[in-house]
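Here's the letter readout for the chains.
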Amino acid sequence: MVARIKKTAARAILDSRGIPTVEVELETQNGCGRASVPSGASKSSFEALELRDGGKKFFGYGVSKAVASVNGIIGPKLRQTAFSGQTDFDEFLISLDGTKNKSKLGANAILACSMAFSRCLACESGTPLYASFSKVRRYCLPVPFFNVINGGAHAGNSIAFQEYLIAPVGAKTFAEAAQYASEIYHALRGLISRQFGRSATNVGDEGGFAPPLSDVATPLELVSRAIGEVGLQGKVSIALDVAATSFFDGKKYAIGGGKRLGPGEYFDFVEGLAKTHRIISVEDPFCETDFAAFSKFTRENKAIQVVGDDLLSTNPVRIARGVRTGACNCLLLKPNQIGTLAEAVRAANLAYGAGWGVMVSHRSGETEDTFIADLAVGLGCGQIKLGACARGERTAKINQLIRIEGELGSNGKFAGREFHRPARQLGFSL
Ligand code: PGA
Ligand code: ZN
């Protein structure tokens with residue numbers, strides 16, 4: 001199929017933190033697509049460049065330059081070219097930008113076009129978005145990892161670790177997983193309210209609670225208690241995104257309460273915590289440059305999924321290094337870390353090729369766009385990180401997955417306890 005772009009439009013909209021972001025609309029002969037891009041707060045140093053204006057407006061966070069990239073440069077070029085598919089389209093944008101990290105046109109401008117085009121293609125072929133990534137007989141619905149306590153760069157408290165997540169691996173369906181999460185979320189709200197007062201039930205950037213704590217272990221106890229209170233022990237597990245770079249100063253890890261641990265001592269501490277609380281998945285337990293610590297941890301903790309986010313940054317060179325060194329066994333897939341869909345899918349395939357898992361992820365600054373819900377189903381990755389089960393920009397993705405599950409009926413299967421084994425390993429072909 002050849003797609004010709006008839007119309008292009010870009011504009012600045014606001015994300016969930018009230019900060020501008022890019023939205024793009026494309027129109028082809030028989031299709032149209034709109035997409036907007038998210039934005040991280042705890043970005044790694046290896047991500048593609050998010051183009052911001054600087055200056056006074058929006059405290060420098062404006063995206064009028066990125067919008068101008070689409071309206072002034074990308075759009076006119078797109079309208080003169082026919083594309084044979086997503087890879088062709090994305091490669092066109094990559095070479096139009098010409099830089100290594102998409103700093104000329106901006107990864108925010110480029111990704112919004114890439115996603116909007118993907119929707120056009122789905123429209124052209126009359127298939128749901130998830131089906132345009134893979135055509136299989138049976139789709140895999142991902143286990144949602146819900147972030148119920150926020151710390152680090154996402155909250156105004158002093159909890160060093162960034163995310164305490166619940167994973168309803170024992171649910172039978174995605175909708176049941178959402179039900180479990182909702183029950184635990186509200187039990188947790190009650191616990192926090194009784195212990196710290198109602199003001200402590202205010203939430204952080206991803207919708208999780210942000211209680212006034214300064215140690216990293218107590219949130220784990222609170223989450224365990226909430227799971228127990230609603231009788232879901234054994235059905236719902238706990239996971240962490242430590243985002244350790246944010247509290248490492250080059251020498252020591254500041255884990256809160258004035259405690260600063262050297263790398264060796266900190267390694268034992270994280271390992272102990274993961275074992276005590278039976279953590280099933282831990283993301284970025286060490287600084288983003290410490291491949292050696294990641295490798296040792298992965299080697300010594302075979303029962304735990306070790307996820308590379310800042311470490312890998314959805315970047316093929318870093319993923320290859322991670323595979324070579326055995327630094328982790330799961331890629332966190334954030335399309336805006338690399339800047340096009342074709343590259344994001346390639347990153348997922350690199351991870352699959354190494355026998356790793358893949359967890360599709362939102363960012364802390366989100367829009368109402370539900371793209372990643374379809375992406376996770378299309379890639380058959382079995383797991384997705386989407387914040388708490390509250391706040392519109394988070395529930396948009398959850399509700400899209402509920403819809404997809406309903407639409408698929410018996411052609412969809414919830415990944416459950418097999419979340420770390422991508423669909424391909426479970427006999428689905430992509
Ligand atoms: P970010 O955080 O979107 O602020 O980078 C999410 C994460 O670290 O997974
Ligand atoms: Zn992370």
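Residues numbered from 1 in each chain as written. Chains lettered and ligands numbered in written order. Predicted model: local features only at pLDDT ≥ 70, side-chain atom pairs only at ≥ 80, totals over all residues. Heavy atoms only, no water.

**Quick look at the overall build of the protein chain**
Part 1 of the argument: Per the secondary structure count, the protein chain includes 12 helices and 16 strands.
Part 2 of the argument: The C-alpha atoms of the protein chain give 21 Å as radius of gyration, which agrees with the globular expectation for 430 residues (22 Å, within 12%).
Part 3 of the argument: Overall, the protein chain is about 60 × 55 × 45 Å in size when its C-alpha atoms are taken along their principal axes.
Part 4 of the argument: Residues counted as buried form 60% of the 430 residues belonging to the protein chain.
Part 5 of the argument: Roughly 16,300 Å² of accessible area belongs to the protein chain as shown, and the carbon and sulfur atoms make up 51% of that amount.
Part 6 of the argument: Positive and negative charge centroids in the protein chain, built from 50 and 41 side chains respectively, lie 1 Å apart. (Helix = DSSP H or I, 4+ residues; strand = E, 2+ residues; numbered from the N terminus. Rg over C-alpha atoms; globule rule 2.2 N^0.38 Å. Buried < 20%, exposed > 50% of the residue type's maximum accessible area, 1.4 Å probe, protein only. Areas by Shrake-Rupley, 256 points an atom, 1.4 Å probe, with all protein chains shown as cover. Lys, Arg positive; Asp, Glu negative; His and termini not counted. Charge placed at Lys NZ, Arg CZ, Asp CG, Glu CD.)

**With respect to a nonpolar patch on the surface**
Part 1 of the argument: Side chains of L14, F58, F59 and Y61 sit close together on the surface and give an oily, nonpolar patch of about 510 Å² of accessible area.
Part 2 of the argument: Along the polypeptide, Y61 turns up in the loop between β3 (32–36) and α1 (64–78). (Patch = residues over 30% accessible without salt bridge, like charges linked within 9 Å, V, L, I, M, F, W, Y side chains within 5 Å. Salt bridge = Lys/Arg side-chain N within 4 Å of Asp/Glu carboxyl O.)

**Describing the side chain of E405**
Part 1 of the argument: Mapped onto the secondary structure, E405 falls in helix α12 (residues 392–408).
Part 2 of the argument: Although E405 is buried, it makes no salt bridge; R138 carries the closest opposite charge, 10 Å away.
Part 3 of the argument: From its side chain, E405 meets the backbone nitrogen of A175 in a polar contact 2.9 Å long.
Part 4 of the argument: With near-sequence residues (within four places) excluded, E405 lies in contact with L141, T173, F174 and A175. (Polar contact = N/O pair within 3.5 Å; in protein donor to acceptor, adjacent residues only side chain to side chain. Contact = heavy atoms within 4.5 Å.)

**Points about the coordination of the zinc ion (ligand 2)**
Part 1 of the argument: Protein coordination at the zinc ion (ligand 2): the donors are D241 (OD), E283 (OE) and D309 (OD), at 2.0 to 2.2 Å from the metal.
Part 2 of the argument: Read from N- to C-terminus, the donor residues coordinating the zinc ion (ligand 2) fall into the pattern D-x41-E-x25-D. Of the two residues, E283 is situated in strand β11 (residues 279–283) and D309 in the loop between β12 (305–308) and α8 (316–325); the sequence distance between them amounts to 26 residues. Judged on exposure class, the residue E283 and its partner D309 are both buried. (Donors = N, O, S within 2.8 Å, 3.2 Å for Na, K, Ca; no water.)

**Thoughts on the sheet that holds strand β2 (residues 20–28)**
Part 1 of the argument: Spatially, four strands are ordered β3-β2-β1-β4 in an open sheet, and the strand pairing comes out antiparallel. The sheet is open, and its two edges are formed by β3 and β4 (82–83), each paired on a single side.
Part 2 of the argument: Summarising the sheet, strand β1 (residues 3–14) and β4 pair through two bridges and their orientation is antiparallel. What sits directly across from A3, in β4, is F83.
Part 3 of the argument: Sheet contacts for α1: β1, β2 and β4; angle to β1, the most-contacted strand, approximately 175°. (Pairing = 2+ DSSP bridges. Axes fitted to C-alpha atoms, helices over the stretch in contact; angles between N-to-C directions.)

**Observations concerning the side chain of E47**
Part 1 of the argument: Counting through the fold element by element, E47 comes out in the loop between β3 and α1.
Part 2 of the argument: Within the structure, the side chain of E47 is placed 3.3 Å from the side chain of Q337, a separation counted as a polar contact.
Part 3 of the argument: Engagement of the side chain of E47 in a polar contact is seen with the side chain of R363, the distance being 3.1 Å.

**So, the sheet that holds strand β6 (residues 143–150)**
Part 1 of the argument: Within the closed barrel, the eight strands sit side by side as β6-β7-β8-β11-β12-β13-β14-β15. Their pairing is mixed. Between one strand and the next, the sheet's axes are offset by a mean angle of 25°, whatever the strand orientation.
Part 2 of the argument: Pairing of β11 with β12, which is carried by three bridges, proceeds in the parallel orientation. Paired with S281 across the bridge in β12 is Q305.
Part 3 of the argument: Here helix α10 (residues 341–353) sits on the sheet in contact with β13 (330–333) and β14 (357–361), set at roughly 170° to β13.

**What about the domain arrangement of the protein chain?**
Part 1 of the argument: When its domains are assigned, the protein chain resolves into domain 1 (3–126) and domain 2 (139–418).
Part 2 of the argument: With centres defined by C-alpha atoms, the gap from domain 1 to domain 2 works out at 27 Å.
Part 3 of the argument: Each partner contributes to the interface: domain 1 provides 34 residues, whereas domain 2 provides 31 residues.
Part 4 of the argument: At the boundary of domain 1 with domain 2, total buried surface from both sides reaches about 2,500 Å², with 50% on carbon and sulfur atoms. (Domains from an automatic or database assignment. Buried area = accessible area lost by both parts, 1.4 Å probe.)

**Here's the deal with the site of ligand 1**
Part 1 of the argument: The environment of ligand 1 is formed by 15 residues, the closest being A41, H154, R363, S364 and K385.
Part 2 of the argument: H154 places a side-chain nitrogen or oxygen 2.8 Å from an oxygen atom of ligand 1.
Part 3 of the argument: Contact distances for ligand 1 include 3.0 Å between an oxygen atom and a side-chain N or O atom of D309.
Part 4 of the argument: When isolated, ligand 1 has an accessible area of 280 Å², and the protein chains bury 100% of it.
Part 5 of the argument: The residue makeup of the shell around ligand 1, split by class, is two nonpolar, five polar and eight charged.
Part 6 of the argument: If you count residues domain by domain, the shell around ligand 1 takes at least three from each of domain 1 (3–126) and domain 2 (139–418). (Near = heavy atom within 4 Å. Nonpolar A, V, L, I, M, F, W, Y, C, P; charged D, E, K, R; others polar.)

**What about α10?**
Part 1 of the argument: In this model, α10 (13 residues) spans 18 Å end to end at C-alpha, consistent with the 18 Å of a helix rising 1.5 Å per residue.
Part 2 of the argument: For α10, the complete set of buried residues consists of L341, A342, E343, A344, A347, A348, A351 and Y352.
Part 3 of the argument: Just downstream of α10, G355 is the residue with a positive phi angle, here 80°. (Expected span 1.5 Å × (residues − 1).)

**A word on the pairing of β13**
Part 1 of the argument: With burial as the criterion, each face of β13 is covered, one bearing C330 and L332 and the other bearing L331 and L333.
Part 2 of the argument: Pairing between β12 and β13: two bridges, direction parallel. Within β13, the position partnered with V307 by the bridge is C330.
Part 3 of the argument: Viewed along the sheet, the connection from β12 through α8 into β13 turns out right-handed.
Part 4 of the argument: As paired strands, β13 and β14 are joined by four bridges and run parallel to one another. When the bridges of β14 are listed, C330 appears paired with G357. (Right-handed = clockwise from strand over helix to strand, strands pointing away.)

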